[in-house]
Amino acid sequence: MKIRGDIVRTYRDVHSWVGIIAGLFLFVAFYAGAITMFEQPLQEWASAANPPPVSTPFERLPALMEKLFAAHPEAARNYSITLPAATPGQGQLSWSIAKPGAHGHGPATQVSLNDQGDLVMVQDQPSGAARFVDVLHQQVGLPFPHTLSMFLMGTVALLYAVALVSGVIAFLPGLAKNLFAVSIGRNSKKMWLDMHNLLGVFSLPFHLIMALTSVVFAFHEPIFATQQWLLGGSSAHQHMQGGPRHGGGHGRGGVAHGGHGPAGMEHGGQAPVAVQPAGEHQGPSDHEPVTGHDGVALPQREGSPDPAQGNDQKNAAAPRTPLPPQQIVAALAAQAPGFVPDSLTYTQRPGAGVALNVAGHDPRYSMRGPVSGFAGVDPYTGKIISADYLPGHQGTGFSIITTFFALHFGSFGGVAVRWGYVVLGLGGAFLFYTGNRLWIASRQKQERKTGLVEETRGTRFLACLTSGCTLGCVAGISAIFCAVPFLPHGGTYPVVMGLYYAVFCLFVAAAFLLGSQRCDRILLVGAGVLTALVPVAASFGRQQGDWLSPVNQAVGLTSVLVGVFLLVCAFRKIRVSSQRRLSA
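What you see is a predicted model; the values in this text were computed from it and never measured. (Residues numbered from 1 in each chain as written. Predicted model: local features only at pLDDT ≥ 70, side-chain atom pairs only at ≥ 80, totals over all residues. Heavy atoms only, no water.)

1. Focus on the side chain of Asp362
Tracing the backbone shows Asp362 in the loop between β7 (354-361) and β8 (373-377). Accessibility expressed as a relative area gives 1% for Asp362, which makes it buried. Residue contacts for Asp362: discarding those within four places in its chain leaves Pro337, Gly338, Phe339, Met367 and Pro391. (Helix = DSSP H or I, 4+ residues; strand = E, 2+ residues; numbered from the N terminus. Buried < 20%, exposed > 50% of the residue type's maximum accessible area, 1.4 Å probe, protein only. Contact = heavy atoms within 4.5 Å.)

2. Some thoughts on unusual backbone geometry
Positive phi values are uncommon outside glycine, yet Val140 reaches one of about 45 degrees. Of note, Val140 is situated in the loop between α4 (129-138) and α5 (146-171). Judged by relative accessible area, Val140 falls into the buried class, the value being 4%. With phi around 60 degrees, His489 is a residue other than glycine that occupies positive phi space.

3. Considering the nonpolar core
Grouped together as the largest cluster of nonpolar side chains are 78 residues, with contacts concentrated most on Tyr31, Ile477, Phe481 and Tyr500. The residues touching Phe481, leaving out its near neighbours within four places in the chain, are Ile35, Leu42, Trp45, Ala129, Val133 and Val534. (Core = buried A, V, L, I, M, F, W, Y, C linked by side-chain atoms within 4.5 Å.)

4. Points about the confidence of the model for the protein chain
Taken over all residues, the pLDDT of the protein chain has a mean of 78, while the share at 70 or more is 78%. Taking the mean pLDDT of every element in the protein chain, the minimum, 41, falls on helix α9 (residues 311-316) and the maximum, 95, on helix α14 (residues 493-514). Every residue in residues 100-105 is under pLDDT 50, and counting partners more than four places away or in other chains gives ten contacts. Segment residues 233-318 is flagged for pLDDT under 50; beyond a separation of four residues in sequence, or across chains, it makes 236 contacts in the model. (pLDDT = per-residue confidence, 0-100.)

5. Points about helix α17 (residues 550-583)
Along its 34 residues, α17 runs 49 Å from first to last C-alpha, staying within 8% of the 50 Å computed at 1.5 Å per residue. Listed as buried for α17 are Asn552, Val555, Gly556, Ser559, Val562, Gly563, Leu566, Leu567, Ala570, Val576 and Ser577. Looking at the buried residues of α17, the elements they touch are α1 (5-36), α2 (39-46), α13 (457-483), α15 (519-532) and α16 (534-540). (Expected span 1.5 Å × (residues − 1).)

6. Overview of the packing of α13 against α14
Running from N to C, α13 and α14 cross one another at 150 degrees; their axes reach a closest spacing of 7 Å. Compared by their axis directions, α13 and α14 come out roughly antiparallel. The crossing of α13 and α14 is right-handed. Looking at the contact of α13 with α14 residue by residue, the classes come out as 20 nonpolar, three polar and no charged. (Axes fitted to C-alpha atoms, helices over the stretch in contact; angles between N-to-C directions. Parallel < 35°, antiparallel > 145°, perpendicular 65-115°, else oblique. Left-handed = near helix turned anticlockwise from the far one by under 90°. Nonpolar A, V, L, I, M, F, W, Y, C, P; charged D, E, K, R; others polar.)

7. Notes on empty space enclosed by the protein
Regions of empty space are outlined by a rolling probe, equal in size to a water molecule, passed over the atoms. If you walk through the whole model with that rule in mind, you get four cavities of 30 Å³ or more. The calculated volume of the largest cavity comes to roughly 310 Å³. Taken together, 23 residues form the lining of the largest cavity, with Ala29, Phe30, His137, Met210 and His408 sitting closest to its centre. Sorting the residues of the lining of the largest cavity by element identifies α1, α4, α5, α8 (204-231), α11 (396-409) and α12 (414-449) as the ones contributing at least two each. For the lining of the largest cavity, the element with the highest residue contribution is α1, accounting for six residues. Taken together, the residues of the lining of the largest cavity sort by class into 14 nonpolar, nine polar and no charged. (1 Å grid on protein atoms, 1.4 Å probe; cavity = no way out; pocket = protein on both sides within 12 Å on 5 of 7 lines; lining within 4 Å. Points joined across faces, edges and corners; volume = space filled by probe spheres on them.)

So this is what it looks like as structure tokens:
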């Protein structure tokens, strides 16, 4: 393909400078994002020493909730029932107090009944390691407030899109000639360029999806506000109370941390459900009883008004109580066969009745969250009242949106696709690293041509910053997982965050102290050793369960492979440096 040389040079310059600005942020986002593909298994691994939640049979849950609400009336405002796949017919009840002005909810309390029928409450203290890595991914490594970090992340994503387009245009003239021309030798600039081009071309669709969806995640609020201002009225998401909070995380049932979502979504993983005023029902559930597979109407909770009666009699009825969980599950099975509920989340707001959000999965369809779809359910009849995010029951518009989010999260195709996204994520991180190394090698070559013996201050600064930030990110995350087995409860979120940024800042400071010629070799060794030590630390720390389990094997094997790769790179740099000194 023929493109004028001046046009190619312009786009190459745009690609280089935009990549330099955004590359280090994107390295953190992609490296941490690759790890969050298995956030829930990592969460369970990190919290392995904590007492597991106690499951309660469905038939005992109403008595448990009655005792809990009598002893703690505030628990009725926000409580969840998790439905573990390992124990069908049982649920794990927990409740939490929402923090004013904060996204999501406060610490959860697990509730169960002992053999004597008394309440047993245990503060849930999961490890903050997996959640922190996910937030690190969302905020591209920035330790700022979430709203500011997301705005900056969106700006980086826009630069990312510009770099992709300009890079493709700059590479098109030499596509056929240079695509597979990968040379590994002493010409470091040629090697970095070949690797960068190869990774960039073959992962371009993946990167385009990441760039597009990340911009939407960051700027959904201004987009919807502009839509409301231009079109009038209220935007659709404003009618949805308790909407999915930032995408539902990468964990099962929408209760894990993190992820991303569209308008009205923050942390917590709640899906849009319409809140019904107390003592009043709207929509078809007022007139249509939910039926099972055999066509028999499912039972209604005692105290619920008869749907066949008039509105006056309905409004005069006593306040209703939600259906028992087993009836909710049965109603969902009748209306959405194949959808497997993972959690039921009940929320009550002042002046409104109970809202019920059900998070679950259906392997036949793409899901709105990383591993979850969502349904808004009438808690008094079991009728589905919001299917916008329910797999297999969405309209065309929402199905298209869900497809984009599934492409971002890798929530399709099972474990094989998730491992593919891990490889693409790590490859993307390496792509941004090679981009910076290319710029540095090019600048060093230009400076040597002008007769300079030492690097200029700008080149040295970027070389040290690249090594410190990238290897500091790798070492910081590895340090977290090395420390998890020795920290109480696997490490609280503040402790984990402090550990990461301490290691990160240490590596950045060391890079500048050592200088650009030595920092790569030493920091690669440090990051490689820390990463390879993750399975060793777990085996000598607190009990992490059976090391033959798939999760433990995956954590150990991946850590060793990445650690060995970093050490091989370090020893190669040491050997090349020694040969240069001998030849001089």
